[in-house]
Structures are given as C-alpha cells and as structure tokens.
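Chain residues, written in single-letter form:
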Amino acid sequence: MRHAGALTVASAALRERAVAAGAPPASVHLLPNGCEPPAWERGSAAWRAARDDFRRRHGLPADAPVLLWATRFWETDLGRAARLFERILAGAPAARLLVAGATLTPGPPLPVGEGEERIQAVGWLDAGDWPAALAAADLALLPLDDTLRNRARCPAKAPQMLAAGLPIVAHDVGEAGRYVEDGRSGVLASTDDDFVAAAVRLLAHEAHREGMARAAGDAAERWSWNVLAGVAEAA
C-alpha cells in the first residue's frame, strides 16, 4: 500500500485501516458499491407483471406487504435476527418475510418459532430472478451486528434495493448510513427496539412507505456505476 499510486477502498473503516498501515491519505479513495439502473420503473405494467409472477411462483399473497431480507446469514447473529423477525411479524399480522440468500457452508435454518409459516425462503437467486424479487417486496431489512467485518464491508445489495424503490430499515452500522438517508429513503436504527418499531410503522402506513420508495429510487442515479466510475478514473 505504501508504494501504490492509488488505492480504492469500499468503506470508511477500510480507509482508516489503510492509512494506519502506512498508505498516504491522499492516495486512498473511497469507492462504495454502486448499482445498475432498475430493471423496471416502479409501478409500471412490466414491474407489476414481474411482481405478481414472482409472488405467485413463491407462494406469497398478492395483496400482503412483503419484507425482503437478502443475506449470506453471517451479517447478524441468527438468534438475534429471528427475534427481530418474530417481533416484526407479530406487530404486522398481514406481512410476509421473503428471505433470499444462501450460506457459504451448510448450517441450521433460521431459528424462528412464532410466525414461521409466514416466512418464505427462496435461497440464492440468479441475476434473472433478483430484479423480480425486488419488485415483489415492499420494504427491505438490513439487520447488522456491530462488528469490524460489518463496519468494513460495503453492502452491495443496499444500492440495488434502493434503486428498485425499496426503502430500507437498517441498523446504523458501517456503510449502511452512507446509503440509507434516515427518514427519507429508509430508517437507521440504533437499537433493536428502534429497528422493530420502524419496520412495523412502515408496514402499517403505505403512504409513508411509498413516499420513501420514491426517495429511495433516487439512488438509481446517485449510486450509478456510471457516476462512480468517475471516482475510480480520478484516482
């Protein structure tokens, strides 16, 4: 790092560590994850068709509010995640939870008791089905333990979810706050109680949620790879 002409990092935590390791501060450039434009304009006929088709194929009610948790199952303790989801589903009886992702190694399922029948796990989604999952959801969840790994990583799915018009409820850890504008495109929660309350509140107030969805959609331009490419080129 001391000899590189330029170094790009995906988080503020990594930038701090790079500088501490001897990289000249002026040579370290923050380059967060970006996104492609959404597959469909939210609310369009094509978006509606993809939404309805995904929900039908995966057993999700057409009229239920759907939460999306896109995960590799290591970002948060599974017991903690299960407790969060149980509380959210208890507070929003009509809601369903869509879990998209897979573990790197086989492990136990999400240990959810009450409300388990309202959780639909679809495993790893390929590039063709991921946009449809985004269309099928109404609100995204990003539970994060406050660990060095989570502070140093840059959640790649966050800008994609925002660009698709999904508000995000996230723990205020690491780069989550770079993407989620608290109170505008989602909610940054400092405690689990705040996390649950925000999710339940947004599920109950569709107009508020839709307002956040429109603000979230601004990310399609802000976090566009076409824009971020300029950061890399300037480095």
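For the structure itself, look to the data block above.
From a predicted model like this one, the values you see are computed outputs, not experimental measurements.

Caption draft 1: Quick peek at the overall build of the chain. Looking only at helices and strands, one finds 11 helices and eight strands in the chain. In terms of overall size, the chain behaves like a compact globule, its C-alpha atoms giving a radius of gyration of 18 Å where 235 residues would be expected to give roughly 18 Å. C-alpha atoms of the chain, sized along the principal axes, occupy 55 × 40 × 35 Å. Buried positions account for 46% of the 235 residues belonging to the chain. Here the contacts in the chain between residues at least 6 apart in sequence split such that 69% fall between residues at least 24 apart. Just so you have it, the chain exposes about 11100 Å², and 53% of that area is on carbon and sulfur atoms. Placing the 25 positive and 29 negative side-chain charges of the chain at their respective mean positions leaves the two points 2 Å apart.

Caption draft 2: Summary view of the pairing of strand β8 (residues 186-189). Taking every second residue as pointing to the same face, both faces of β8 are buried, with Gly186 and Leu188 on one and Val187 and Ala189 on the other. The pairing of strand β7 (residues 168-171) with β8 spans four bridges and is parallel. Within β8, the position partnered with alanine 170 by the bridge is leucine 188.

Caption draft 3: Representation of the sheet that holds strand β5 (residues 119-123) in the model. As summarised here, the arrangement of the six strands in space is β5-β4-β3-β6-β7-β8, forming an open sheet in which the pairing is parallel. Only two strands of the sheet have a single neighbouring strand rather than two, namely β5 and β8. The sheet shows a mean angle of 20° between the axes of neighbouring strands, taken without regard to direction. The pairing of strand β4 (residues 96-100) with β5 spans four bridges and is parallel. Bridge assignment links alanine 100 to a residue of β5, and that residue is glycine 123. The sheet contacts of helix α8 (residues 192-204) involve β3 (66-70), β6 (139-142), β7 and β8, and relative to β7 the element is tilted by about 175°.

Caption draft 4: How the structure looks around the environment of isoleucine 88. Looking at the element boundaries, isoleucine 88 is found in helix α3 (residues 78-91). Expressed as a C-alpha distance, the spacing of isoleucine 88 and valine 180, which sit 92 residues apart in the sequence, is 20 Å. What isoleucine 88 contacts, discounting residues up to four positions off in sequence, is Leu67, Leu141, Phe195, Val196, Ala199, Val200 and Leu203.

Caption draft 5: Representation of the side chain of arginine 118. Topologically, arginine 118 is positioned in the loop between β4 and β5. For the buried arginine 118, no salt bridge is present, and the opposite-charge side chain at shortest range is glutamate 117, 5.3 Å distant. Within the local environment of arginine 118, its side chain forms a polar contact with the backbone oxygen of leucine 89, the two atoms lying 2.9 Å apart. A polar contact of 3.1 Å, which involves the side chain of arginine 118, links it to the backbone oxygen of alanine 95. Other than its neighbours up to four places away in sequence, arginine 118 contacts Leu89, Ala92, Pro93, Ala94, Ala95, Arg96 and Leu97.

Caption draft 6: Main features of the packing of aromatic side chains. Under the counting rule described, the total for this entry stands at three aromatic pairs. Plain terms: the ring middles of tryptophan 69 and phenylalanine 73 are 5.5 Å apart, the flat faces sit at 80° to each other, and that makes the pair edge-to-face. One aromatic cluster in this structure is built from Trp69, Phe73 and Phe85.

Caption draft 7: Expanded view of α3. For α3, spanning 14 residues, the distance from its first C-alpha to its last is 20 Å, which sits close to the expected 20 Å at 1.5 Å a residue. When α3 is considered as a whole, its buried residues turn out to be Leu78, Arg80, Ala81, Ala82, Leu84, Phe85, Ile88 and Leu89. Structurally, α3 contributes buried residues whose contacts are with β3, β4, β5, β6, β7 and α8. Capping of α3 at its N-terminal end is provided by aspartate 77; its side-chain oxygen lies 3.1 Å from the backbone amide nitrogen of glycine 79.

Reading the values: the criteria
Residues numbered from 1 in each chain as written. Predicted model: local features only at pLDDT ≥ 70, side-chain atom pairs only at ≥ 80, totals over all residues. Heavy atoms only, no water. Helix = DSSP H or I, 4+ residues; strand = E, 2+ residues; numbered from the N terminus. Rg over C-alpha atoms; globule rule 2.2 N^0.38 Å. Buried < 20%, exposed > 50% of the residue type's maximum accessible area, 1.4 Å probe, protein only. Contact = heavy atoms within 4.5 Å. Areas by Shrake-Rupley, 256 points an atom, 1.4 Å probe, with all protein chains shown as cover. Lys, Arg positive; Asp, Glu negative; His and termini not counted. Charge placed at Lys NZ, Arg CZ, Asp CG, Glu CD. Pairing = 2+ DSSP bridges. Axes fitted to C-alpha atoms, helices over the stretch in contact; angles between N-to-C directions. Salt bridge = Lys/Arg side-chain N within 4 Å of Asp/Glu carboxyl O. Polar contact = N/O pair within 3.5 Å; in protein donor to acceptor, adjacent residues only side chain to side chain. Phe/Tyr/Trp six-rings, centres within 6.5 Å; stacked < 30°, edge-to-face > 60°. Expected span 1.5 Å × (residues − 1).

On their own, these measurements won't tell you what the molecule is for.
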